[in-house]
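# Survey of secondary and tertiary structure
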Amino acid sequence: MNTILITGATSGIGRATAYRFAAHVKRMILTGRRADRLDAISSDLMKDHSLEVKTLPFDVRDYESCRAALESLPQDWRSIDILVNNAGKAKGLAPIQSGELRHWEEMIDTNLKGLLYVTRLISPWMVERKSGHIINVCSIAGKEVYPNGNVYCATKFAVDALTKGMRFDLHKHRIRVGQVCPSHVEETEFALVRFDGDEELAKMYEDFQPLKSPDIAETIYFIASQPPHVNIEDVVMWGTQQASAIVTDRSGRDFFGD
Ligand code: 8X3
């Protein structure tokens, strides 16, 4: 594990993953849209750990920006051992007949096309070296469809299919592909983004204890730290109080002492 690249590293699961790997890699490439956040995380990590961090601010929805940013990497930084395809979002929670087109396009462009763009650019470098590991951040929404989740679930079902599809294509090049599928995760901007910044609607985690972003980072680290002959393809993660996307025990979170 020398070099890791994390997309969507400015917050939530991406940011937690950066912190989780910081003591275990020599080089880290952090990407996301907000350069100031990437710089702050980078300085913080380099203060406490002996790794080198490069930040690449770009929007995964724009192929030309992805290409320009990744091709700006010096040759030795292109030996990416682990690609964490984390950038993704939910926008809206509405029935199909009234969903907003701009929400659908943003989710399809980020969760699906963005993941494809970054993978298309980096996977040839891995194939050339016959080495690499791609870890996609999918969701339980890629396993179960829930009411009003329509397009978000469709993008995550697509990620689930792509993880399998990438394995078919890349296993013969000795490249590992896996994914983690979390349910609700707090300490991310997920709910605030889904509800267009509406803080009241975003308060959906107050009456139960969801997963936390470091929980997901820990699983990503577990997947990445297996011996090279082991490919963990899929890990589905639920908060203890969630039995499915639509069945949650909302009787409070005191039990967990958090
Ligand atoms: C995040 C989990 O249940 O909001 O992808 O779809 S959920």
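Structure: see above.
Now for a description of the structure that goes with this document. A quick note: this is a predicted structure, and the numbers were derived from the prediction, not measured.

## So, the packing of helix α4 (residues 101-129) against helix α5 (residues 150-170)
With their axes 9 Å apart at the nearest point, α4 and α5 run at an angle of 15° to one another. The orientation of α4 with respect to α5, classified from their angle, is roughly parallel. In this structure, α4 meets α5 at a crossing whose hand is right-handed. Residue-level contacts link Trp104, Met107, Ile108, Asn111, Leu112, Leu115, Leu116, Thr119 and Val127 of α4 to Asn150, Val151, Tyr152, Thr155, Lys156, Ala158, Val159, Leu162, Met166 and Leu170 of α5. For the contact of α4 with α5, the residue count by class is 14 nonpolar, 4 polar and 1 charged.

## What about the environment of Asp48?
If you trace the backbone, Asp48 turns up in helix α2 (residues 35-48). We classify Asp48 as exposed; its relative accessible area is 53%. Once the C-alpha coordinates of Asp48 and Trp104 are considered, the two residues, 56 residues apart in sequence, prove to be 40 Å apart.

## Comments concerning helix α1 (residues 12-21)
Burial runs high along α1: 7 of the 10 residues are buried. Turning to α1, its buried residues are Gly12, Ile13, Gly14, Ala16, Thr17, Ala18 and Phe21.

## A closer look at the environment of Gln241
Position of Gln241 relative to the elements: it lies in the loop between β9 (234-237) and β10 (242-244). Along the primary structure Gln241 and Pro210 are separated by 31 residues, whereas in three dimensions their C-alpha atoms are 7.5 Å apart.

## What to know about the pairing of strand β2 (residues 27-32)
Within β2, 6 of the 6 residues are buried, which leaves it mostly tucked inside the rest of the structure. Of the two faces of β2, the one holding Arg27, Ile29 and Thr31 and the one holding Met28, Leu30 and Gly32 are both buried throughout. Note that strand β1 (residues 3-6) and β2 share 4 bridges and pair parallel. Note that in β2 the partner of Leu5 across the bridge is Ile29. Handedness of the β1-α1-β2 crossover: right-handed. The sheet contact formed by β2 and strand β3 (residues 52-57) spans 6 bridges and is parallel.

## Describing the side chain of Thr31
Structurally, Thr31 can be placed in strand β2. The class of Thr31 is buried, set by a relative accessible area of 0%. For Thr31, the contacting residues outside a window of four places in its chain are Leu5, Ile6, Thr7, Gly8, Ala9, Leu38, Leu56 and Phe58.

## Section: the site of the ligand
All residues adjacent to the ligand are Ser139, Ile140, Ala141, Tyr146, Tyr152, Pro182, Ser183, His184, Phe190 and Arg194. Here Ser139 contributes a side-chain N or O atom positioned 2.5 Å from an oxygen atom of the ligand. For the ligand, an oxygen atom lies 2.6 Å from a polar atom in the side chain of Tyr152. In the complex, 94% of the free accessible area of the ligand, which totals 240 Å², lies under the protein chains. When the residues that make up the shell around the ligand are grouped by side-chain class, the tally is 6 nonpolar, 3 polar and 1 charged.

## A few points about the nonpolar core
Core analysis: the largest hydrophobic core is formed by 29 residues, its most contacted members being Ile4, Phe21, Met28, Leu30, Leu45, Ile216 and Ile220. Only β1, α1, β2, α2, β4 (82-85), β5 (132-137) and α7 (213-224) provide two or more residues apiece to this core. The residues contacting Leu45, other than those within four sequence positions of it, are Ala18, Tyr19, Ala22, Met28, Leu30, Leu51 and Val53. Core analysis: the next-biggest nonpolar cluster, separate from the first, contains 28 residues, Leu73, Trp77, Cys138 and Cys181 among them.

Cut-offs and rules
- Residues numbered from 1 in each chain as written.
- Predicted model: local features only at pLDDT ≥ 70, side-chain atom pairs only at ≥ 80, totals over all residues.
- Heavy atoms only, no water.
- Axes fitted to C-alpha atoms, helices over the stretch in contact; angles between N-to-C directions.
- Helix = DSSP H or I, 4+ residues; strand = E, 2+ residues; numbered from the N terminus.
- Parallel < 35°, antiparallel > 145°, perpendicular 65-115°, else oblique.
- Left-handed = near helix turned anticlockwise from the far one by under 90°.
- Contact = heavy atoms within 4.5 Å.
- Nonpolar A, V, L, I, M, F, W, Y, C, P; charged D, E, K, R; others polar.
- Buried < 20%, exposed > 50% of the residue type's maximum accessible area, 1.4 Å probe, protein only.
- Pairing = 2+ DSSP bridges.
- Right-handed = clockwise from strand over helix to strand, strands pointing away.
- Near = heavy atom within 4 Å.
- Polar contact = N/O pair within 3.5 Å; in protein donor to acceptor, adjacent residues only side chain to side chain.
- Areas by Shrake-Rupley, 256 points an atom, 1.4 Å probe, with all protein chains shown as cover.
- Core = buried A, V, L, I, M, F, W, Y, C linked by side-chain atoms within 4.5 Å.

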